[in-house]
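Reading the structure
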Amino acid sequence: MALKAIGNGVGGVCHMTPRACLHPKSSLSLRMVERKESEKEMGPSPSSSNPQDQFKGLRSGDLEKNARALTRDCNSLPKPLSSMDCSTSSDGSAIRVAYQGSPGSFSEDAALKAYPHCVRVPCEHFEVALKAVELWHVDRAVLPIENTSVGSIHRNYDLLLSHRLHIIGEVQIKVDLCLLALPGAKKEDIQRVFSHLQAFQQCEKSISDLKAIRINFEDTASAARLIAERGMRDAGAIASARAGELYGLNILQNKLHDEDANITRFLVLSREPILPKTYGPFKTSIVFTLEEGAGMLFKALAVFALRNINILKIESRPLRTSPLRLVDDLYHGTTMYFEYLFYIDFEASMAETRAQNALGHLQEFSKFLRVLGCYPVDTLL
């Protein structure tokens, strides 16, 4: 049975010969004359004589010499990334990693965990960080995707689909939120609190008790930086303790988050995918849309259950290119239904036959399917 190709972002470009390569007849005739004269000096080409004569002077030493030259040429080619390239044990000293926010942000912590000695490149927005990878300004980008307290970061799911990057790893960071202020400021003096919306949601109860005005900011570290630079004594920032150290702020309250287990999962993105392995815990992330019909989502999930593949996460997002589907009913008139994209993380490597068969099965009744990445599972340290 023929299957449609599964999109994975890998492709090539065929370059056509430009029209500028065509020359006038006079130039072409001149080159033909020069070619004939050079052929007279060099003698007949091997193709004009007996084909067996081409191999009469070929010795074993020539073969070894050609083989060594070919080996040198192959060694100069770039090697594909492996799982070792994105493991947390790699120091990543020559790798440039983009993250959203200012120094001291939790995204920078994720970059440091993935590549402890990498060159960190702060970016204003998540979109800028991903674009920096596509334009070869940096090698990797870290992107927060979900938090144990507030759930998925939906905007970043949409970014995964709008950029042709590959997930090559994940990083889990324990997020400890602190209330920071200028030296000498007291908790009762705080009238305004600056931080990111996600941070406010993670410490809703504590902020309500503080009875201060909440002001949303680009990221937690930038909020701490603003207070330090402007000397705002009546303001506080919700950020990390490391951000407080970087910008000279004191900690008025530690562990401000409502839940003890406050963990954010980040994805590591690259221009090229890594080579999946069959050993060690691997995770695969995909996105797809389904054909119309009853029980289609059940069928999609069943392709994994039939092969004993554990689904770790499922997320749905509106299909923005075609968000609504109109269905005419004889008795109830026209009904509008939402169209969705489904994001799934499952516990298997694309190097395993069962994972390949599962996606081949899913392709039979999906309108669109893309593998976002296959990468090693991270553990919280």
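Preceding this section is the structure that the text describes.
These numbers were taken from a predicted model, which means no experiment stands behind them. Here the residue numbering is sequential within each chain, running from 1 through the sequence in written order. For a predicted model such as this one, the threshold for reporting local features is a pLDDT of at least 70, and the threshold for listing and counting side-chain atom pairs is 80 or more; totals across whole chains, interfaces and linings nevertheless cover every residue. With hydrogens and water set aside, each side-chain value is computed from the structure's full complement of heavy atoms.

A look at the overall build of the chain
A helix here means a DSSP run of H or I that spans at least four residues, while a strand means a run of E at least two residues long, and both kinds are numbered starting from the N terminus. Of the regular secondary structure elements, the chain holds 11 helices and 17 strands. Here the term buried applies to any residue with accessible area under 20% of the maximum for its type, exposed to any over 50%, and partly exposed to those in between, with areas from a 1.4 Å probe on protein chains only. Sorting the 381 residues of the chain into buried and exposed places 40% on the buried side. In what follows, a contact means two residues having at least one pair of non-hydrogen atoms within 4.5 Å. A separation threshold of at least 6 residues defines the contact pool for the chain, and within that pool the share at least 24 residues apart is 77%. To be clear on the numbers: accessible area is Shrake-Rupley with a 1.4 Å probe, and residue cover counts the displayed protein chains and nothing else. As displayed, the chain offers around 22100 Å² of accessible surface, 55% of which is attributable to carbon and sulfur atoms.

Quick word on the packing of aromatic side chains
Only centres within 6.5 Å qualify two rings of Phe, Tyr or Trp (six-membered ring in Trp) as a pair; their planes then separate them into stacked at under 30 degrees, edge-to-face at over 60, and tilted for everything else. Here the structure, examined in full by the defined rule, presents four aromatic pairs. Centroid distance Y157 to Y343: 5.0 Å. Interplanar angle 65°. Geometry classified as edge-to-face. Taken as a pair, Y157 in helix 5 (residues 154–162) and Y343 in strand 16 (residues 340–347) lie far apart in primary sequence, 186 residues in all. The exposure classification of Y157 matches that of Y343, with both residues buried. Relative to F346, the ring of F304 lies with its centre 5.0 Å away and its plane at 40°, an arrangement referred to as tilted. Of this pair, F304 sits in helix 10 (residues 296–305) while F346 sits in strand 16, and the two are 42 residues apart along the sequence. For the pair shown, F304 and F346 are each scored as buried. Sitting over the face of the ring of W136, R271 holds its NZ or CZ atom 3.7 Å from the ring centroid. Either the NZ atom of lysine or the CZ atom of arginine qualifies as a charge over a ring when it sits within 6 Å of the ring centre and within 35 degrees of the ring normal.

Overview of helix 8 (residues 220–230)
For helix 8, the set of buried residues is T220, A221, S222, A223, A224, L226 and I227. Where the residues of helix 8 are buried, they touch helix 3 (106–114), strand 6 (178–181), strand 7 (192–195), helix 6 (197–202), strand 9 (235–239) and helix 9 (241–247). Of the residues flanking the start of helix 8, the one acting as N-cap is D219, its side-chain oxygen 3.1 Å from the backbone nitrogen of A221. Just past helix 8, the residue G231 takes up positive phi, approximately 60°. In the analysis that follows, any N or O atom pair within 3.5 Å is treated as a polar contact, provided that within protein one partner can donate a hydrogen and the other can accept it, and provided that, for residues neighboring in sequence, both atoms belong to side chains.

What about the environment of R120?
Position of R120 relative to the elements: it lies in strand 2 (residues 119–123). With 23 residues separating them in the primary sequence, R120 and V97 have C-alpha atoms 5.1 Å apart. In this structure, R120 is in contact with V97, Y99, E108, A111 and L112, ignoring residues within four places of it in sequence. A polar contact is formed between the side chain of R120 and the side chain of E108, at a distance of 3.3 Å. A polar side-chain atom of R120 sits 3.5 Å from the main-chain carbonyl oxygen of C118.

Looking at the packing of helix 4 (residues 126–134) against helix 5
Only the stretch in contact is used when fitting a helix axis, every axis being a line fitted to C-alpha atoms; angles between N-to-C directions are given from 0 to 180 degrees. The interhelical angle for the contact between helix 4 and helix 5, taken along N-to-C directions, is 25°, at an axis separation of 11 Å. Of the possible angle classes, the one that applies to helix 4 and helix 5 is roughly parallel. Relative to helix 5, the crossing made by helix 4 is right-handed. Listed contacts from helix 5 to F126, E127 and L130 of helix 4 are R155, N156 and L159. Throughout, the ten residues Ala, Val, Leu, Ile, Met, Phe, Trp, Tyr, Cys and Pro are labelled nonpolar, Asp, Glu, Lys and Arg are labelled charged, and all others, Gly among them, are labelled polar. Grouping the constituent residues of the contact of helix 4 with helix 5 by class yields three nonpolar, one polar and two charged. To sort the angles, those under 35 degrees are grouped as roughly parallel, those over 145 as roughly antiparallel, those from 65 to 115 as roughly perpendicular, and the leftovers as oblique. By definition, any crossing whose near helix is turned counterclockwise from its far helix by less than a right angle is left-handed, and any crossing with a clockwise turn is right-handed.

Structural notes on the sheet that holds strand 10 (residues 250–253)
For two strands to be treated as a pair, DSSP must find no fewer than two bridges joining them. With respect to topology, five strands assemble into an open sheet ordered 8-7-9-6-10, the strand pairing being mixed. Strand pairing shows two members of the sheet lacking a second neighbour, strand 8 (213–216) and strand 10, which therefore form its edges. For this sheet the average axis-to-axis angle between neighbouring strands, irrespective of direction, equals 35°. As defined by bridge partners, strand 6 adjoins strand 9 across three bridges and the pair is classed as antiparallel. Bridge assignment links L180 to a residue of strand 9, and that residue is A237. In the packing of helix 8 onto the sheet, the strands contacted are strand 6, strand 7 and strand 9, and the crossing angle to strand 9 comes to about 155°.

Points about unusual backbone geometry
Positive phi, normally seen in glycine, also occurs at K211, with a value near 55°. As for its position among the elements, K211 is in the loop between helix 7 (204–210) and strand 8. For N308, which is not a glycine, the phi torsion comes out positive at approximately 60°. Among the secondary structure elements, N308 is positioned in the loop between helix 10 and strand 13 (310–318). What makes N308 exposed here is its relative accessible area of 66%.

Let's talk about the side chain of N147
Counting through the fold element by element, N147 comes out in strand 3 (residues 140–147). Overall, the relative accessible area of 5% leaves N147 in the buried class. Looking at N147, its side chain comes within polar contact range of the main-chain nitrogen of S149, at 2.7 Å. Aside from chain neighbours lying at most four places away, what touches N147 is Q202, N262, I263 and T264.

Structural notes on helix 4
Along helix 4, the residues classified as buried are F126, A129, L130, A132 and V133. Take helix 4 and look down its axis: the buried residues cluster within an arc of 155°, on one side only. The inward-facing, buried residues of helix 4 contact strand 1 (96–100), strand 2, strand 3, helix 5 and strand 11 (263–270). Among the residues trailing helix 4, W136 stands out with phi positive, at a value near 65°. Throughout, the arc means the angular range of directions from the helix axis out to the C-beta atoms.

A few points about the nonpolar core
Formed by 53 residues in total, the largest nonpolar core has its most connected members in I238, I286, F288, F304, F346, L359 and L362. The next biggest cluster of nonpolar side chains, apart from the first, holds 25 residues, and it includes A129, A132, L160 and L341. In this description, a nonpolar core means a group of buried Ala, Val, Leu, Ile, Met, Phe, Trp, Tyr and Cys residues linked to one another through side-chain atoms lying within 4.5 Å.

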